[in-house]
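Spelled out, the chains give:
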Amino acid sequence: MHKTRILNNLKATSDFAKEIVELILKADKPLYLLLSGDLGAGKTTFTKQLLLNLGVKQNVTSPTFVIMNQYQVNDLVINHMDAYRLDKTSDVEMYFDEFDEAINIIEWPGNLNVDWTNFKTIKLCFKIIDEDTRQVEVN
Ligand SMILES: Nc1ncnc2c1ncn2[C@@H]1O[C@H](COP(=O)(O)OP(=O)(O)O)[C@@H](O)[C@H]1O
Ligand SMILES: [Mg+2]
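Keep in mind it's a predicted model, so treat the numbers as computed, not measured. (Residues numbered from 1 in each chain as written. Chains lettered and ligands numbered in written order. Predicted model: local features only at pLDDT ≥ 70, side-chain atom pairs only at ≥ 80, totals over all residues. Heavy atoms only, no water.)

Trainee: Where do I start with the site of ligand 1 in this structure?
Mentor: Near ligand 1 lie 16 residues; those nearest to it are T13, G40, K43, T45 and R134. In this structure, a nitrogen atom belonging to ligand 1 sits 3.4 Å away from a main-chain N or O atom of L7. Contact with the protein chains removes 75% of the 570 Å² of surface that ligand 1 exposes when unbound. When contributions to the shell around ligand 1 are tallied by element, the ones reaching two or more residues are α1 (10-26) and α2 (43-54). At 3 residues, the largest contribution of residues to the shell around ligand 1 is made by α2. Residue classes in the shell around ligand 1 are distributed as 4 nonpolar, 6 polar and 6 charged. (Near = heavy atom within 4 Å. Polar contact = N/O pair within 3.5 Å; in protein donor to acceptor, adjacent residues only side chain to side chain. Areas by Shrake-Rupley, 256 points an atom, 1.4 Å probe, with all protein chains shown as cover. Helix = DSSP H or I, 4+ residues; strand = E, 2+ residues; numbered from the N terminus. Nonpolar A, V, L, I, M, F, W, Y, C, P; charged D, E, K, R; others polar.)

Trainee: Before we go on, may I ask you to explain α2 in this structure?
Mentor: An α-helical segment advances 3.6 residues per turn. Residues three or four places apart therefore align on the same side. Over its 12 residues, α2 extends 16 Å from the first C-alpha to the last, a length consistent with the 16 Å expected when each residue adds 1.5 Å. Those residues of α2 that sit buried are K43, T44, F46, T47, L50, L51 and L54. Within α2, the buried residues cover an arc of 155° as seen down the axis, which keeps them to one side. Here the buried face of α2 lies against α1, β2 (31-36), β3 (68-73), β4 (76-82), β5 (103-107) and β6 (121-130). (Expected span 1.5 Å × (residues − 1). Buried < 20%, exposed > 50% of the residue type's maximum accessible area, 1.4 Å probe, protein only. Arc of directions from axis to C-beta. Contact = heavy atoms within 4.5 Å.)

Trainee: Sorry, what's going on with the coordination of the magnesium ion (ligand 2) here?
Mentor: Angles between donor atoms at a metal ideally measure 109.5 degrees for a four-coordinate tetrahedral arrangement and either 90 or 180 degrees for a six-coordinate octahedral one. Bound to the magnesium ion (ligand 2) on the protein side are T44 (OG1) and E107 (OE), at distances that span 2.1 to 2.3 Å. Pair noted here: T44 is in helix α2 and E107 is in strand β5, with a separation of 63 residues, a long-range link. For the pair T44 and E107, a shared accessibility class is recorded, and that class is buried. (Donors = N, O, S within 2.8 Å, 3.2 Å for Na, K, Ca; no water.)

Everything listed here is a matter of geometry and, on its own, says nothing about what the molecule does.
So this is what it looks like as structure tokens:
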């Protein structure tokens, strides 16, 4: 996969999410998908497409206020966390208790006091290019 991708419209973001689903299904769990980028950069929009393509049937909403939502498809557990309202002093142990053997999608990971070095991660950094266009960098 190319390191930097231009997502010209919502369809491109949806197609990109499908590619990431392929990576996720092959990867060992727990896997951490770390989504960074400004407000409105497309982290939640991408996540909705990702969950749809993983087979989540429920309506996916932003966990900004509940901090974390959990989904299950067959044996696969998927956590979607939004750390926007947290900071490095927040106690996140109760969330991390849920993370074993799961796919963990985390918006605003930089707000958490976590050293990701020893975690299996896919890091996606979203940038706003213009109204319909986003750039995503994969690391
Ligand atoms: N190519 C694109 N990919 C993703 N979102 C886009 C794109 N073009 C426009 N948007 C819009 O940008 C907004 C992204 O919001 P959201 O996903 O909630 O961002 P974040 O979670 O990063 O704060 C949505 O209103 C979405 O419709
Ligand atoms: Mg969001």
